[in-house]
Amino acid sequence: MASLKDQIDTTKLPKHIAVIMDGNGRWAGRLGKTRIFGHTNGVKSVREISEACAELGVEYLTLYAFSTENWTRPQTEVSALMSLLLKTIKVELKTLLKNDIRLRVIGDVSSLPRSVVAELNEAMEKTKGNKKMNTILALSYSGKSEITHAVKEIANKLQRGEIAANDINESLISDNLYTAGIPDPELLIRTSGEKRVSNFMLWQLAYAEYYFTDVMWPDFNKEELYKAIIDFQSRERRFGKTSEQLVTK
Ligand code: IPE
Ligand code: IPE
Ligand code: MG
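Enquirer: Describe the pairing of strand β3 (residues 101-106), listing the residues and the values that go with them.
Expert: With five of six residues buried, β3 lies mostly within the body of the structure. In this fold, the crossover linking β3 to strand β4 (residues 133-141) by way of helix α4 (residues 114-127) has left-handed handedness.

Enquirer: Before we move on, could you go through α4 and cite the residues and values that matter?
Expert: For α4, with 14 residues, the first-to-last C-alpha span of 20 Å sits near the 20 Å given by 1.5 Å per residue. Within α4, the full set of buried residues consists of Val116, Val117, Glu119, Leu120, Ala123 and Thr127. One face of α4 carries all of its buried residues, which in axial projection span an arc of 165 degrees. Looking at the buried residues of α4, the elements they touch are α3 (75-98), β3 and β4.

Enquirer: Give me the packing of aromatic side chains: which residues, what numbers.
Expert: Under the criterion given, the structure shown has nine aromatic pairs. With centroids separated by 5.9 Å and ring planes inclined at 85 degrees, the aromatic side chains of Tyr64 and Tyr141 adopt a geometry described as edge-to-face. Here Tyr64, found in strand β2 (residues 60-67), pairs with Tyr141, found in strand β4; they are 77 residues apart in sequence, far enough to count as distant. A ring pair is formed by Tyr207 and Phe239, whose centres lie 4.9 Å apart and whose planes are at 50 degrees; its orientation type is tilted. Note that Tyr207 is positioned in the loop between β5 (187-190) and β6 (209-212) and Phe239 in the loop between α7 (222-233) and α8 (243-248), a separation of 32 residues in sequence. Residue Tyr207 is classed as partly exposed on the basis of its relative accessible area of 47%.

Definitions and cut-offs
Residues numbered from 1 in each chain as written. Chains lettered and ligands numbered in written order. Predicted model: local features only at pLDDT ≥ 70, side-chain atom pairs only at ≥ 80, totals over all residues. Heavy atoms only, no water. Buried < 20%, exposed > 50% of the residue type's maximum accessible area, 1.4 Å probe, protein only. Helix = DSSP H or I, 4+ residues; strand = E, 2+ residues; numbered from the N terminus. Right-handed = clockwise from strand over helix to strand, strands pointing away. Expected span 1.5 Å × (residues − 1). Arc of directions from axis to C-beta. Contact = heavy atoms within 4.5 Å. Phe/Tyr/Trp six-rings, centres within 6.5 Å; stacked < 30°, edge-to-face > 60°.

Next comes the structure, spelled out in structure tokens:
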């Protein structure tokens, strides 16, 4: 069977793809299994999509793995997710090193269990020189808390006299987000049929193209990713201009 990969224009790839990996629980429920079974199977999709992005030459892949709001889930599910995270980082470190992928994290890392923080720090340290791709895990992350954190950082700098109120501009705000130095995503993918951003990258997604699919995250594979990229490449990104301006430019 021919792959949709052949239809992708590799000269017009999104540099940064962000994914809201949703639907693990429903996917498992349909099979009569526990929600945790769904999360475990979701890890396979993480591996497959990271590999596909690295093969294509996508530079940044951000995965929404655990939101600030997800702390309100039943304690058993939260604990299982933290254990799965710990195990996954341990197991996948080899793959990250082999594939020249740098691991980064955005979110309130300090709220994660100490064992997870230690494992993440080790993986980030060992992969920090890797160049092919950046995989960014959003953990204990929400867009509103990220912006609040940035505002506090800026207020502290102002108070210390390091900046003046007039220095506050969009780039200063960007520089104080967890994603400082990382280009904004051009493509946002959300699986499972939900059409909302659920507090994800509120600042960074200002001009992203949104792609929604009914496919549940554990079923999301390389071909599904290619479909999203092909759809992205068919869109006209106007950034407030008119179509005519884009063709004459
Ligand atoms: C996404 O799947 C994974 C996390 C939010 C951790 P869900 O767990 O939200 O699955 P559904 O949406 O209940 O099916
Ligand atoms: C968003 O999914 C968070 C992650 C994928 C980590 P949720 O399943 O938590 O979002 P809501 O609750 O349906 O908005
Ligand atoms: Mg969900």
